[in-house]
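# Structural features, examined
Listed here are the chains, written in short residue letters.
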Amino acid sequence: MNDSERRRLVTRNTAEVVTDEELDDLLENDPTIYVGYAPTGEMHIGHFTTIRKLADFLRADLDVTVLIADLHAHLDDEKSPFELLDERTAYYREAIEGMVAAAGADPTEIEFVEGREFELDADYSLELLRMAADTTISRVQRAGSEVVRQSENPKLGGLIYPLMQTLDIDALDADIAYGGIDQRGIYMLSRELFADRGDEPPVCVFAPLLAGLSGGKMSASDATSKVNLTDDADTVAEKLQGAYCPQGEVEDNGVLEYMDYLVFPILDERGESFEIERPDEYGGDLVYESYDELEDDFVSGELHPQDLKNAAAEYVSSVIAPVRERIDTDRLATAYPEKYE
RNA sequence: CCGCCCUUAGCUCAGCCUGGUAGAGCAGCCGACUGUAGAUCGGCUUGUCCCCCGUUCAAUUCGGGGAGGGCGGACCA
């Protein structure tokens, strides 16, 4: 595989790369890339869009490491109780493997690591303390503001969080730090801290974040604003039916984003097209080979939101189906006892 | 260790002084209107009033204790 093809695989469907030049340099060798997920709430379709890209990284022949950041899950305002860390870690790993497989790659090629395996090592702890001694509260707060839960009475844990994430890059020997664009603040701080220590800063690749179905940002607490990986076909249809989707508008349109970032990339991989059934009175069925064609028709008014929603629900459901089937519901229940009695 | 303040609907809070089991805004849900959703209009729901004990016919309200949280003081050897 030549460099430009690798580059295309690594960067397609991303929100930002910092920096392009540094990435090019790395791709001349065999770079390692890592992404971390804190096993907090149930995984949803937003995770799928970032995880789907891991398949691209594997195809580009990168060394992919996935960190299940168990300590981070607890450190961030105790989103996960300490006692549930093991169960949630197991659930996250299983779900992530399912998503990678659903994206057409082999999950066994990924190296999975858990935070407690190395974040408690003496040298890691020492570096953490040295970093804490040298970093102001406001800088860390600002870096983590998009990721760490904000509250009136923030815990110390939320300040340690970005520092540990920075040390993880080093500890896992990652040349590239990958994550959602919400991670940008933390990784930009990481790059500065690396430079301060005289180390080579990581290249950062950011995935776009899916908008919420109710318009605006996706909210973890608003169940109707996102599709869960365990949602069945009817639930998916119900949620998409209720989605904010103004005719002809692309802005804040969650339904279109689902198509762009999730459905079309996967259809692409399978070599399938997007087919919309439409009553004759409205013009009959439609077929799209690419997202751009679909967006054009939507903007022009040729494609009505209701017809899009109907088809979108089916495709979204079919895309998450393999993940849904792979998730062990008993494990899910023990990982979230307050939700599944 | 000491002092002061806070804890009421999913969220932000009012009510408590002058006891009679509670309200607003937002959110949410339903209906109307659009071939979707939203916006708009109409309607509706929601509560161990942090816990325990006491006073009282009656406590969210008064008294005592406790828990959780916040702020300040003291200490700076």
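See the structure shown above.
Structural notes, computed from the coordinates. Please read these numbers as outputs of a predicted model, since none were measured by experiment. (Residues numbered from 1 in each chain as written. Chains lettered and ligands numbered in written order. Predicted model: local features only at pLDDT ≥ 70, side-chain atom pairs only at ≥ 80, totals over all residues. Heavy atoms only, no water.)

### Regarding the protein's contact with RNA strand B
How we decide: Here a residue is near a molecule or strand as soon as one of its heavy atoms is found within 4 Å of it. In protein, a polar contact means a hydrogen-donor-capable atom and an acceptor-capable atom, both N or O and within 3.5 Å, with residues adjacent in sequence counting only if both atoms are side-chain atoms; elsewhere, any N or O pair within 3.5 Å suffices. Think of it this way: any DSSP run of H or I at least four residues long counts as a helix, any run of E at least two long counts as a strand, and we number them from the N terminus. Under the convention adopted here, Pro, Cys and the residues Ala, Val, Leu, Ile, Met, Phe, Trp and Tyr are nonpolar, Asp, Glu, Lys and Arg are charged, and Gly plus all remaining residues are polar.
Near RNA strand B you find 14 residues, and of these Gln241, Cys245, Gln306, Asp307 and Lys309 are the closest. If you look at RNA strand B and keep only atoms within 4 Å of the protein, 51% of those are sugar or phosphate atoms. Separating a base nitrogen of RNA strand B from a backbone N or O atom of Cys245 is a distance of 2.5 Å. Between a base oxygen of RNA strand B and a side-chain N or O atom of Lys309, the distance comes to 2.7 Å. The element that contributes the greatest number of residues to the surface near RNA strand B is helix H13 (residues 305–326), accounting for four residues. Here the surface near RNA strand B is composed, by residue class, of six nonpolar, six polar and two charged.

### Examining the packing of helix H7 (residues 137–144) against helix H8 (residues 157–171)
Rule in force here: Every axis corresponds to a line fitted to the C-alpha atoms, with the helix fit spanning only the stretch in contact, and the corresponding angles, defined between N-to-C directions, vary from 0 to 180 degrees. We call two directions roughly parallel when the angle between them is under 35 degrees, roughly antiparallel when it is over 145, roughly perpendicular when it lies between 65 and 115, and oblique otherwise. Contacts were defined at the residue level, with two residues in contact if any of their heavy atoms lie within 4.5 Å.
Contact pair H7 / H8: the axes reach a minimum separation of 9 Å and the direction vectors enclose 75 degrees. Here H8 runs roughly perpendicular to H7, going by the angle between their axes. Each of Ile137, Val140, Gln141 and Gly144 in H7 lies in contact with H8, whose residues at this interface are Leu159, Pro162 and Leu163. Residues of the contact of H7 with H8, tallied by class, amount to five nonpolar, two polar and no charged.

### Notes on empty space enclosed by the protein
Definition in use: Points on a 1 Å grid, built from protein atoms alone, make a cavity when a 1.4 Å probe fits but cannot get out and make a pocket when they are open with protein on both sides within 12 Å along at least 5 of 7 lines; residues with an atom within 4 Å of a point are the lining residues. Grid points are joined across faces, edges and corners, and a volume is the space filled by probe spheres set on the points.
Counting across every chain of the model gives one cavity of 30 Å³ or more. The calculated volume of the largest cavity comes to roughly 50 Å³. Forming the boundary of the largest cavity are Asn13, Thr49, Arg52, Lys53, Ala207, Pro208 and Tyr261. Of the residues that constitute the lining of the largest cavity, the class distribution is three nonpolar, two polar and two charged.

### Some remarks on a negative patch on the surface
Rule in force here: Patch definition: residues with relative accessible area over 30% and no salt bridge; like charges joined within 9 Å; nonpolar side chains (Val, Leu, Ile, Met, Phe, Trp, Tyr) joined within 5 Å. Residue exposure ignores everything except the shown protein chains as possible cover, and the areas themselves are Shrake-Rupley values with a 1.4 Å probe. A pair is scored as a salt bridge if a Lys or Arg side-chain nitrogen falls within 4 Å of a carboxyl oxygen belonging to Asp or Glu. In this tally, Lys and Arg are treated as positive and Asp and Glu as negative; His is ignored, and so are the chain termini. To locate a charge, take atom NZ for lysine, CZ for arginine, CG for aspartate or CD for glutamate. Each residue is assigned to one of three classes by its accessible area relative to the maximum for its type, calculated with a 1.4 Å probe on protein chains only: buried under 20%, partly exposed between the two thresholds, exposed over 50%.
A surface patch of negative charge is lined by Glu272, Glu275, Glu277, Asp280, Glu281, Asp285, Glu289, Asp292, Glu293, Asp296 and Glu314. With three residues, helix H12 (residues 291–300) is the largest single contributor of residues to the negative patch. Along the chain, Glu289 falls in the loop between strand S8 (286–288) and H12. The partly exposed category is assigned to Glu289, whose relative accessible area is 48%.

### Things to note about the packing of helix H1 (residues 3–11) against helix H3 (residues 45–59)
A pair of packed helices can be characterised by two numbers: the angle between their axes and the separation between those axes. Worth spelling out the cut-off: Crossings are assigned a handedness: left-handed for a near helix turned anticlockwise from the far helix by less than a right angle, right-handed for a clockwise turn.
Relative to each other, H1 and H3 sit at 165 degrees, their axes nearing to 8 Å. One way to sum up the angle between H1 and H3 is to call them roughly antiparallel. As for the relative orientation of H1 and H3, their crossing is left-handed in sense. Within the contact between the two elements, H1 uses Leu9, Val10 and Thr11 and H3 uses Lys53, Asp56, Phe57 and Arg59. The residue makeup of the contact of H1 with H3, split by class, is three nonpolar, one polar and three charged.

### Remarks on H1
When we look at burial in H1, the residues that qualify are Arg6, Leu9, Val10 and Thr11. If you follow the buried residues of H1, they end up packed against strand S1 (16–18), helix H2 (20–26), H3 and strand S6 (203–207). One or two positions beyond H1, positive phi appears at Asn13, with a value near 55 degrees.

### Here we look at the pairing of strand S2 (residues 32–37)
Our working definition: Whether two strands pair depends on DSSP finding at least two bridges between them.
Most of S2 sits inside the fold, with five of its six residues counted as buried. As defined by bridge partners, S2 adjoins strand S3 (residues 63–68) across six bridges and the pair is classed as parallel. When the bridges of S3 are listed, Val35 appears paired with Val66. One ladder, built from three bridges, connects S2 with strand S5 (residues 176–180); its direction is parallel. What sits directly across from Tyr34, in S5, is Ala177.

### Observations regarding the packing of aromatic side chains
What counts here: Aromatic pairs are defined between Phe, Tyr and Trp rings, using the six-membered ring for Trp, whenever the two ring centres lie within 6.5 Å; interplanar angles under 30 degrees are classed as stacked, those over 60 as edge-to-face, and all others as tilted. Two limits define a charge over a ring: the Lys NZ or Arg CZ must be within 6 Å of the ring centre, and within 35 degrees of the ring normal.
Inspection of the entire model under this criterion finds nine aromatic pairs. Considering the side-chain rings of Tyr91 and Tyr92, the 5.7 Å spacing of their centres and the 80 degrees angle between planes classify their relative orientation as edge-to-face. Judged by relative accessible area, which is 1%, Tyr92 ranks as buried. When the centroid spacing of 5.7 Å and the interplanar angle of 85 degrees are considered together, the rings of Tyr91 and Tyr336 count as edge-to-face. Within this pair, whereas Tyr91 is found in helix H5 (residues 85–102), its partner Tyr336 is found in the segment after helix H14 (329–335), the two being separated by 245 residues in sequence. Residue classification places Tyr91 among the buried positions, given a relative accessible area of 0%. Every member of this aromatic cluster is reached through a ring pair, and the members are Phe264, Phe274, Tyr291 and Tyr315. Lying across the ring of Phe194, Arg197 places its NZ or CZ 5.9 Å from the centre.

### Observations concerning the sheet that holds strand S4 (residues 111–114)
Spatially, the six strands line up as an open sheet ordered S1-S6-S5-S2-S3-S4, and their pairing is mixed. Because the sheet does not close on itself, it has two edges, and the strands there are S1 and S4. In this sheet, neighbouring strand axes are inclined to one another by 20 degrees on average, regardless of whether the strands run parallel or antiparallel. Across three bridges, S1 lies against S6 in antiparallel orientation. Within the sheet, the bridge partner assigned to Glu16 lies in S6 and is Phe206.

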